[in-house]
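# Breakdown of the fold
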Amino acid sequence: MISLLEKKLDYPFKVEDKADILTIRIDKTNLLDVMKFLKSNDNFLFTQLTDLCAIDYSTYGISEWETEQSTSTGYNRGINPQSHGRIKFGDISDNKNSKDRFCIVYHLLSIKHNSRIRVKVYLDDQDMILPSTVDIWVAADWYEREAFDLFGILFEGHPDLRRLLTDYGFIGHPFRKDFPLVGNTQVRYDPTLKKIIHEPVDIEPRVLVPRVIREREK
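Quick caveat, the model's predicted, so the values are computed rather than measured. (Residues numbered from 1 in each chain as written. Predicted model: local features only at pLDDT ≥ 70, side-chain atom pairs only at ≥ 80, totals over all residues. Heavy atoms only, no water.)

### Things to note about the packing of aromatic side chains
Put simply, the rule reads: Aromatic contacts are taken between Phe, Tyr and Trp rings whose centres are within 6.5 Å, Trp giving its six-membered ring; a plane angle under 30 degrees counts as stacked, one over 60 as edge-to-face, and the others as tilted. Every helix listed is a DSSP run of H or I at least four residues long, and every strand listed is a run of E at least two residues long, numbered separately from the N terminus. Between buried and exposed lies partly exposed: a residue is buried under 20% and exposed over 50% of the maximum accessible area for its type, with that area taken using a 1.4 Å probe on protein chains only. Cation placement over rings: the criterion is NZ of Lys or CZ of Arg within 6 Å of the ring centroid and within 35° of the ring normal.
Applying the stated criterion to the full structure yields six aromatic pairs. An angle of 25° between the planes, with centres 5.9 Å apart, marks the rings of tyrosine 57 and tyrosine 122 as stacked. Of the two residues, tyrosine 57 is situated in the loop between strand 3 (48-56) and strand 4 (102-110) and tyrosine 122 in strand 5 (residues 115-123); the sequence distance between them amounts to 65 residues. Given the relative accessible area of 22%, tyrosine 57 is considered partly exposed. Each ring, one from tryptophan 142 and one from tyrosine 143, has its centre 6.0 Å from the other, and the planes form 90°; the classification is edge-to-face. A residue is classified by how much of its surface remains accessible, and tryptophan 142, at 43% relative accessible area, is partly exposed. Taken together, the ring pairs connect Phe37, Phe44 and Phe46 into an aromatic cluster. Over the ring of tyrosine 122 we find arginine 25, and its NZ or CZ is 4.0 Å from the ring centre.

Structural data, given as structure tokens:
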């Protein structure tokens, strides 16, 4: 399929190595043209959008735990207690990975050719707007609203870009790496005021389980 793409696709793309399926990276300015081509060209016919999701790569490869083994001696040896798991309400995140921080991933299926492709578009945190693909695949409607709600990514041309999973008045985007794991606000009943109130969380953020990184068997 790569050779076909190189012959037929008139827009630049980059193939990502070591992927489970064919994965290409394109520029967001060519997004709509590439997607229309992949859907309508007889050599591909990716008529079905099976998934659209966002990724925050800002802390990719960064962990509090530098270990390749599990242990039975306890998990109190955190060596870099600055991960997003310890961010508190009101903290300002010093994010050094702003370039290509966010990625929108499209998974496409060609029923006719029984093939799949993954298309990735990278964004930095200063330019988080890209065209909506709802006019190409109706299924993108729900997925784009989800990415907007959880990551704050805007899809220009979406017919109804509202929050989808969080509550009314929710502040922030909970799947970003600089969003506190404990959240920003907590809800409780105040017996004095005799009503439900929202207030900043008073939970101390902490990381309970370390990530054990193991190399894949060859």
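### Quick word on the pairing of strand 9 (residues 195-200)
Definition in use: The pairing criterion for strands is at least two bridges between them, as found by DSSP.
Note: strand 8 (residues 185-190) against strand 9, six bridges, orientation antiparallel. Across the sheet, the residue bridging to arginine 188 is isoleucine 197, located in strand 9.

### Examining helix 3 (residues 140-151)
Note the cut-off: A helix is expected to span 1.5 Å for every residue after the first. Any two residues whose heavy atoms approach within 4.5 Å are treated as being in contact.
Under the 1.5 Å per step criterion, the end-to-end length of helix 3 is 16 Å for 12 residues, consistent within 8% with the ideal 16 Å. Most of helix 3 sits inside the fold, with nine of its 12 residues counted as buried. Every buried residue of helix 3 is accounted for by Ala140, Tyr143, Glu144, Arg145, Ala147, Phe148, Asp149, Leu150 and Phe151. Tucked inside the fold, the buried residues of helix 3 contact strand 3, strand 4 and strand 7 (154-156). Looking one or two residues past helix 3, glycine 152 carries a phi angle of roughly 80°, positive in sign.

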